[in-house]
Structures are given as structure tokens and as C-alpha cells.
Amino acid sequence: MATAVKQKSDVILQYLRPHKKMPSVWCAGCGNGIIMSAIIRAVDKLGYSKDEVVMVSGIGCSSRMPIYLDFNALHTTHGRALGFATGVKFARPDLKVIVITGDGDALAIGGNHFIHACRRNIDITTILINNAIYGMTGGQGSPATPSGAFSTTTPYGNVEKHFEPCELARAAGATYVGRTTVYHATQMEKMIAGGLAHSGFAFIEAISNCQTYFGRLNRKGDAVAMIKSFKENAVMLGKAKKMSEEELEGKIVIGTLYRTEKTEFCDEYQRVIDSLQGGK
Amino acid sequence: MAQKKRVLMLGNLACVHGAIYAGMRFYAGYPITPSTEIAEGCARELPRIGGRFIQMEDEIGSIAAVVGASIAGLKAMTATSGPGYSLMVENIGYAYMTETPCVIVNVQRGGPSTGLPTKVSQSDTMQARWGPHGDFTAITVAPSTISDTVSETIRAFNLAERFRTPVTVLLDEVMGHMREIITLPEPGEIEVLERVRPTCPPEEFVPFERTPNLVTPMPRYGDGYRYIVTGLTHDQMGFTTNKPEEITPKLDKLRNKIENYKEEIIKLRVEMMEDAEIAFVSYGSVSRTAFQAIDIARKAGVKVGGVQLYTIWPFPDKELAELCNRCNKVIVAELNMGQIVNEVRRVLPPDVSIHSLRRYDGEILTPMQLLEKLEEVL
């Protein structure tokens, strides 16, 4: 048992950026670390070299991740990660591009880039860490903050409706869509590996805990209590299909929600190049 | 020897031709008048030579993709007009901070806001210098003929690669939509610079090292140099920093890598300044009018000369002061409410009387208007 644990942490250490002074900016108990280690294990299992992986992010707590990992790191502007990632992937389709984003980054300021990256079906794996709040700026409401929930900018309860990121991704054209939580670390690892192996736009919503702001302002308890609530409220997709809408109220449906094969953007453009150059 | 190829070419397409000559293989953009023919030209030409064109969802995404592609290893460009440039400034600032070479073409139209989509203007001259927030030093070039548009676009790419920085090409509606017969440069006729890449082993690589000339070799993604690119203020290793002793040298690097090499960047056209008592200073399409007016005035015996700024930014402080040292009067002609005239005031001695000829009604300045102004100040 002890050996198994040691081996696991050895894998993680191999992928942390050398010389980076820890700790991270993340609060103790933050779910981001669980997601980061799931990404590492997925990349390790797929056998990608660190040189061929590019991790692109925008702004926010989640978006600090590329700085900690020993991949090619592109830490960009708020909401724009997918614009930059599109440039990287289209310029160098041989690279494996992972985008790390948050609910504010992807769904508010980056909403336009998000839906169009889905539509193009460009081969980018996007992991949206959804903690339902802006953490880095101190707990403001986001497009994923549930109606009625408290944040520093919804002090009387959120009067807005929230986005369902997975439904948005699917409707916009993503060809691999999954949802999981930081409690379900093994499922998350498999889902990320599946997204990376998938040719096309893969979208994974990773439900995470921000006990510092969302938890405190909404009396959800500490990190452990919040992660436990993910366990209690999660319903596997297969089971959820047999449940009524009322029964699913407040539940988190997890699993690979949608998967299809469609032509990938860079491949399709390469066909145009080949036909023009072949026609000479 | 075979005769060189002469073609009738649209300004915007001359820009595309120059960019491809310079090695541009990635274009991301969003349609906007009067720049759209650049996007259309790239969409047509790039896949034929193995390059890549993408129409993004907006200008913010366009410049983001350009910066991403450049960091990945391709020479990249976007083109737009004022309203689009306004949207791009966020990520142009990112390109300054991350020292990413790229070329941004602004085919200017009247502003502010949506302004005059089909009318000429030079009112984004200051935006090209000060668009993004924060301190940085900008490079901006402005051609005045269709032939110049080819060579200045090539020069913009060379400057971007040489200095690891975004470079703005300022065209305007007249430059973008005018056609002239030009001779296309043969391959090898104009020098094309390539990005300096690191040769050291990855473990010795310092991604933002303050090298003697302050330009750090830049790797491509995938070559084994796994470094951090961030818009946050960073140290030489690329790690984000709040340390005053790291912040100042980083910002100095952004400025001095350009300011210390201004003589490589400044390019002027100087006509009849040897004995000139009065000088026209102009740039872009207005220079066409200015040199015509100078010809006419010279024939009438007026000792007038002209300086055209091919390089607008960094501003040719020293060069302009030297060129105008015999002049007692300078007229700055521009299609805006007076942007470069203040720079001219800043660099010339106080005893030179400086006059501003401005037009901002969407029409060009005519030689007659320049001659009238000349008569008025004589």
C-alpha cells in the first residue's frame, strides 16, 4: 500500500515544473490540485512527452495551473485562452493542446471564444473548473453561480440564472462532453484521457470546491464537507436517465454525457492545403 | 535577364504579398472595412503555400490566435481597422509583455467609434503608440505607395522578428483601396530576417534572459524548451514576480531593446532639405500630396523640403531635429486633429515655428491645400 502511494506521488513530481517555488496560490483544500493530478495521470498514461503538451489558460485561480506543470505553458489574458489555443493548435497540429479555464473565464468574458471553439471542433481538450464563483478576485458571482446563491456581488442572493456549461458545449458543437467532480478523481482521470485521445473539441466540466468563498458565503462547510456533498449529490449518467426531473433536482449528473465523431478542424484545413498543392 | 514582373495591384493585396514574401504563414482575422481584402487575400493565398488562414469570432480572438501561432513558431499577422484595433489592444499588450513577434495592420478609417467605415483617416496614429495599457515601446511603420506597402510590410516582419515585438503597419483607406502598377520584388531581392532560436541545451535556457542586445532567443513549442509565457510581470525564468528588483529590469528590457537600436528602425524619406527654410512633415497617404506640393512650390522658387516618416514609432527625435536644423518653419500635414504635430513640437527647438495642417472630414488633403497653407505661413 505504502509503495503504491509512493509510486503515485512520484508520477506527480515528475510533471511539476522544476525550480518553481511552491506553495501554489491555491487555498489549502482547493479542488484544483485534485484536477491537476488527474491531468498528470492522464497524460502519463497516454505516454505523451512533456515537450508535445501545451497547456493554455486565461485568468483566475484555475488558470495558474500551467505555471506549476512542466509542459509548454501559455498563461494568457482573461477569457482568451481558447483564442490563443486555437492559434497554437492550428499552427502546430502535432502538439497536444490542453486548455484550463474557470467558470468566469470560459462562460462570462470568454463565452464567445468558447462557443466558437466548440463549433470548429478543433482538437483541443478543455477542462472547465467550475467552482461557481470568482475565487481570485474574492468571491464574486459568476455565470455558474446558482440562482439564489450568495456571493460578494449577490449579497441578497443571485437573481440571475446560471449556465449549464455541458449543454452549452454540446449545443455549440463540441464532440466530447463530460462532467465529473473532484470527489471522482479516478473518473476524472479517465475522462481527461478520453478527451485527449478524442480527435475534436473535448469539453470536461470538473465541479470543484471553493470553500474559501462559495462555501463560506453559502454555509457549505469546509473543503471536506463540500467534496463530500459532491459525492452525495452525484448521479451516474446511466442512473440519471431513469430518474425524473424532480428526482434530479440538486443532483450532479456525472459521466461522459455526449460523444460523437466529426471531422476535426485542422484535418479539414489540411485537406484543403493538400488539394491545392496536389493540384499544382 | 528576364524582365521583372509588373502588376496592377490593390494596396491591401500588396500588403498580403509583402507578408507572404516575408514568410508569414499564419493569418487570423475578422472582416472589417476597409481592411477586408487583406483577409480575403490571405484566405486565398495561404493554403496554396501550406500556410494557414482562420476567420475568428472577433478581433480579440484574432490577435490571440496570431500570438499563439507565433509562439508555436509561425510568422503571423492580422489586419483590421480602428474599431477592430480597439478590440485587439488587450492582446497586443500581451504580445508586448511576452515579447512575441507579430504584425498588426491597421487600415485606418474615420473615428471615434464606428465612425467612417469607407473614408480615409490617420486618426489612429497615437493609438498605434499607446493602444494597450502600461509602459512599453512600440514600432509602427507607414507606407505611402503600393510598392512601399510591399516593402514596408516585409520590413514590419523583419522588425518584429529582430526585436521580438508586435509591429503595427499603419495603412489608411486610401492606401488600402488604391491601385498602382508596381514591380514585385524577386525572391532574395529584399532581405528577410528569421527569428533567433536558442542553441543551448534546454536545461540551460533562460527564456527571458537579459542578453547584451536585450532580445532573447525564442524557441518554438515542441522543441524541448518548456518555458512559461505569461502576461503577468515575470522574471528572466518566466516566473511571475512582484519583486521591484525584477519589475524594473523587465520593463527596461521592453523599452531599451528598441530605444537602444532606433537607428536600425528609423526610416525617413528626405527630399530637398539641404537648403530648405520650410519643411513639410508627413506620413502615409498624405506624403503623396506633400511631395507633389513641394515640387510645385520649388518650381515657384520657394525653399521648401519634405520629410516623410516611414517609421512613425519610435519617433525619430534626433533625426528630425537634425534634418530641420536650417528650417525656421515646419508644417505637419495629417488626416486627424493634430497627433504627430505634438511630437514634432516636442523634438524641434522652440525657435522653429510649427504649423499644423489638419483635415478630418473623411477626405484627402489636396496639393492645393498644402500650397495654401504654405502661402499662409510664408
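Residues numbered from 1 in each chain as written. Chains lettered and ligands numbered in written order. Predicted model: local features only at pLDDT ≥ 70, side-chain atom pairs only at ≥ 80, totals over all residues. Heavy atoms only, no water.

**Some details on the overall build of chain A**
As a reminder, the rule being used: Strands here are runs of E lasting at least two residues and helices are runs of H or I lasting at least four, both read from the DSSP assignment and numbered beginning at the N terminus. Computation of the radius of gyration draws on C-alpha atoms alone. For the globule rule, the value is 2.2 Å times the number of residues to the power 0.38. In this scheme, a residue with accessible area under 20% of its type's maximum is buried, one over 50% is exposed, and one in between is partly exposed, where area comes from a 1.4 Å probe on protein chains only. Contacts between residues were defined by any pair of non-hydrogen atoms, one from each residue, lying within 4.5 Å. Note on areas: Shrake-Rupley with a 1.4 Å probe; residue coverage comes only from the protein chains shown.
Scanning chain A from terminus to terminus reveals 12 helices and eight strands. Taking 280 residues into account, the globule formula puts the C-alpha radius of gyration at 19 Å, and chain A, at 19 Å, falls close to it. Projected onto the principal axes, the alpha-carbon positions of chain A cover approximately 65 × 45 × 35 Å. Out of the 280 residues in chain A, the part that is buried amounts to 57%. Considering only contacts in chain A between residues 6 or more positions apart, those separated by 24 or more positions represent 69%. Surface accessibility of chain A: about 12100 Å² in total, with carbon and sulfur atoms responsible for 56%.

**What about unusual backbone geometry?**
Leave glycine aside and you will find that most residues have negative phi; peptide bonds, for their part, are mostly trans. Residue and element names in this part refer to chain B. The peptide bond linking Thr-33 to Pro-34 adopts the cis configuration, its omega dihedral lying at 0°. The residue Pro-34 is located in the loop between β2 (24-29) and α2 (36-45) in this model. Trp-313 connects to Pro-314 through a cis peptide bond whose omega is -5°. Counting through the fold element by element, Pro-314 comes out in the loop between β14 (311-313) and α11 (317-323). The phi dihedral of Ser-113 falls on the positive side, at around 55°, and the residue is not glycine. Relative to the helices and strands, Ser-113 resides in the loop between β5 (102-110) and β6 (116-120). Residue classification places Ser-113 among the exposed residues on the basis of a relative accessible area of 63%.

**A word on the side chain of Arg-162 of chain B**
By the element assignment, Arg-162 of chain B lies in helix α6 (residues 146-163). When its relative accessible area of 18% is taken as the criterion, Arg-162 of chain B is described as buried.

**Details of the environment of Glu-164 of chain A**
Its location among the elements puts Glu-164 of chain A in the loop between β4 (124-130) and α7 (165-172). For Glu-164 of chain A and Ala-144 of chain A, which are 20 residues apart along the polypeptide, the C-alpha to C-alpha distance reads 7.4 Å.

**What about the pattern of salt bridges?**
Worth spelling out the cut-off: In the sections that follow, a salt bridge refers to a side-chain nitrogen of Lys or Arg positioned within 4 Å of a carboxyl oxygen of Asp or Glu.
Under the definition given, this model contains 31 salt bridges over all chains. Between Arg-80 of chain A and Glu-90 of chain B there is a salt bridge, with the nearest N and O atoms lying 2.9 Å from each other. In this pair, Arg-80 of chain A sits in the loop between β2 (72-75) and α4 (81-91) while Glu-90 of chain B sits in helix α4 (residues 82-98), so the two residues belong to two different chains. You can call Arg-80 of chain A buried: its relative accessible area is 8%. Among the ionic pairs, Arg-179 of chain A bridges to Glu-164 of chain A, the shortest N-O distance being 3.8 Å. Taken as a pair, Arg-179 of chain A in strand β5 (residues 176-181) and Glu-164 of chain A in the loop between β4 and α7 lie far apart in primary sequence, 15 residues in all. With a relative accessible area of 10%, Arg-179 of chain A lands in the buried category.

**Thoughts on the sheet that holds strand β11 (residues 268-271) of chain B**
Residue and element names in this part refer to chain B. Note the cut-off: Strand pairing is assigned whenever DSSP identifies at least 2 bridges connecting the two strands. The convention used is that axes are lines fitted to C-alpha atoms, helices contributing only their stretch in contact, and that angles between N-to-C directions extend from 0 to 180 degrees.
What the five strands build is an open sheet, ordered β11-β13-β12-β15-β16; its pairing is mixed. On the outer flanks of this sheet lie β11 and β16 (353-358), each paired with one strand and no other. When strand polarity is set aside, the average angle formed by the axes of neighbouring strands in this sheet is 20°. Sheet analysis places strand β15 (residues 329-334) next to β16, joined by six bridges and oriented parallel. Of the residues in β16, the one forming a bridge with Lys-329 is Ser-353.

**Section: helix α12 (residues 265-278) of chain A**
What counts, and what does not: Expected helix span is taken as 1.5 Å per residue step, with the number of steps being one fewer than the number of residues. An arc is given here, and it is the one of the directions from the helix axis to the C-beta atoms.
Taking 1.5 Å as the rise per residue, α12 of chain A with 14 residues should run 20 Å; its terminal C-alpha atoms sit 20 Å apart, in good agreement. Turning to α12 of chain A, its buried residues are Phe-265, Cys-266, Tyr-269 and Ile-273 of chain A. Buried residues along α12 of chain A cover an arc of 90° about the axis, so they all sit on one side. Each element contacted by the buried residues of α12 of chain A is listed here: α4 and α6 (111-120) of chain A together with β3 (52-55) of chain B.

**Quick word on the nonpolar core**
Short version of the rule: Only buried Ala, Val, Leu, Ile, Met, Phe, Trp, Tyr and Cys residues count toward a nonpolar core, and they belong to the same one when joined by side-chain atoms within 4.5 Å. Per the annotation, domain bounds derive from an automatic or database assignment of domains.
Within the largest apolar cluster, 126 residues are counted, with the highest numbers of intra-cluster contacts made by Phe-201 of chain A together with Tyr-27, Ile-38, Met-77 and Val-105 of chain B. Residues lining this core come from more than one domain, with at least three contributed by each of domain 1 (6-183) and domain 2 (269-377) of chain B. Not counting the four nearest positions on each side in its chain, Phe-201 of chain A is found in contact with Leu-82, Phe-114, Ala-117, Cys-118, Asn-121, Ile-122, Asp-123, Ile-124, Thr-126, Ala-174, Thr-175 and Tyr-176 of chain A. Residues Ile-12, Trp-26, Tyr-48 and Tyr-68 of chain A belong to the second largest nonpolar core, which totals 42 residues.

**Some remarks on helix α1 (residues 11-21) of chain B**
Residues and elements named next belong to chain B. Within α1, nine of the 11 residues are buried, leaving the element largely enclosed by the surrounding structure. Looking only at α1, the buried set comprises Gly-11, Asn-12, Ala-14, Cys-15, Val-16, Gly-18, Ala-19, Ile-20 and Tyr-21. Downstream of α1 by one or two residues, Gly-23 has phi in the positive range, about 105°.

**Focus on the interface of chain B and chain A**
Reports of interface size often rely on the accessible area that becomes lost once the parts have come together. Note the threshold: Take the accessible area each of two parts loses on contact, using a 1.4 Å probe, and add the two losses: that sum is the buried area. Here a polar contact means two N or O atoms within 3.5 Å. Within protein one must be a hydrogen donor candidate and the other an acceptor candidate, and residues neighboring in sequence count only if both atoms are side-chain atoms. Amino acid classes used here: Ala, Val, Leu, Ile, Met, Phe, Trp, Tyr, Cys and Pro are nonpolar; Asp, Glu, Lys and Arg are charged; the rest, including Gly, are polar.
Across the contact, 40 residues belong to chain B and 41 residues belong to chain A. Summing both partners gives a buried area of about 3400 Å² for chain B against chain A, and 59% of it is carried by carbon and sulfur. Of all residues in chain B, the largest losses of buried area upon contact with chain A belong to Arg-52, Tyr-221 and Arg-226 of chain B, amounting jointly to 23% of the total for that side. Counting across the chain B and chain A interface gives four salt bridges. Counting across the interface, chain B meets chain A through 23 residue pairs in polar contact (both at pLDDT 80 or more). Mapped by element, the contributors of at least two residues to the side of chain B that touches chain A are β3, α3 (59-72), α4 and β10 (228-230) of chain B. Looking at which element gives the most residues to the side of chain B that touches chain A, the answer is α3 of chain B, with nine residues. Split by residue class, the side of chain B that touches chain A holds 22 nonpolar, 11 polar and seven charged. Strand direction decides the pairing type here: β2 of chain A and β10 of chain B, joined by three bridges, are parallel.

**Remarks on the sheet that holds β2 of chain A**
Strand order in this open sheet of nine strands is β7(A)-β8(A)-β5(A)-β6(A)-β4(A)-β3(A)-β1(A)-β2(A)-β10(B), and the pairing throughout is mixed. Two strands in the sheet have a free side with no partner beyond their single neighbour: β7 (234-236) of chain A together with β10 of chain B. Taking each pair of neighbouring strands and ignoring which way they run, the sheet shows an average axis angle of 20°. Inspection of the sheet shows strand β1 (residues 53-57) of chain A paired to strand β3 (residues 96-102) of chain A by five bridges, in the parallel sense. If you follow Met-55 of chain A over to β3 of chain A, its bridge partner there is Ile-98 of chain A.

**Examining the state of the cysteines**
Applicable threshold: Throughout, a disulfide means two cysteine sulfur atoms within 2.5 Å of one another.
Within the structure shown, the criterion is met by zero disulfides over all chains. Counting only cysteine sulfurs, Cys-27 of chain A is the nearest neighbor of Cys-30 of chain A, a cysteine outside any disulfide, at a range of 6.5 Å. The cysteine Cys-15 of chain B is free of any disulfide, with Cys-42 of chain B supplying the nearest cysteine sulfur at 7.5 Å.

**Observations concerning the pairing of strand β8 (residues 252-259) of chain A**
Residue and element names in this part refer to chain A. Summarising the sheet, β5 and β8 pair through four bridges and their orientation is antiparallel. Each residue of the ladder has a partner; that of Tyr-176, found in β8, is Arg-259. Bridging between β7 and β8 involves three bridges; their strand directions are parallel. Bridge pairing in β8 places Ala-234 opposite Ile-252.

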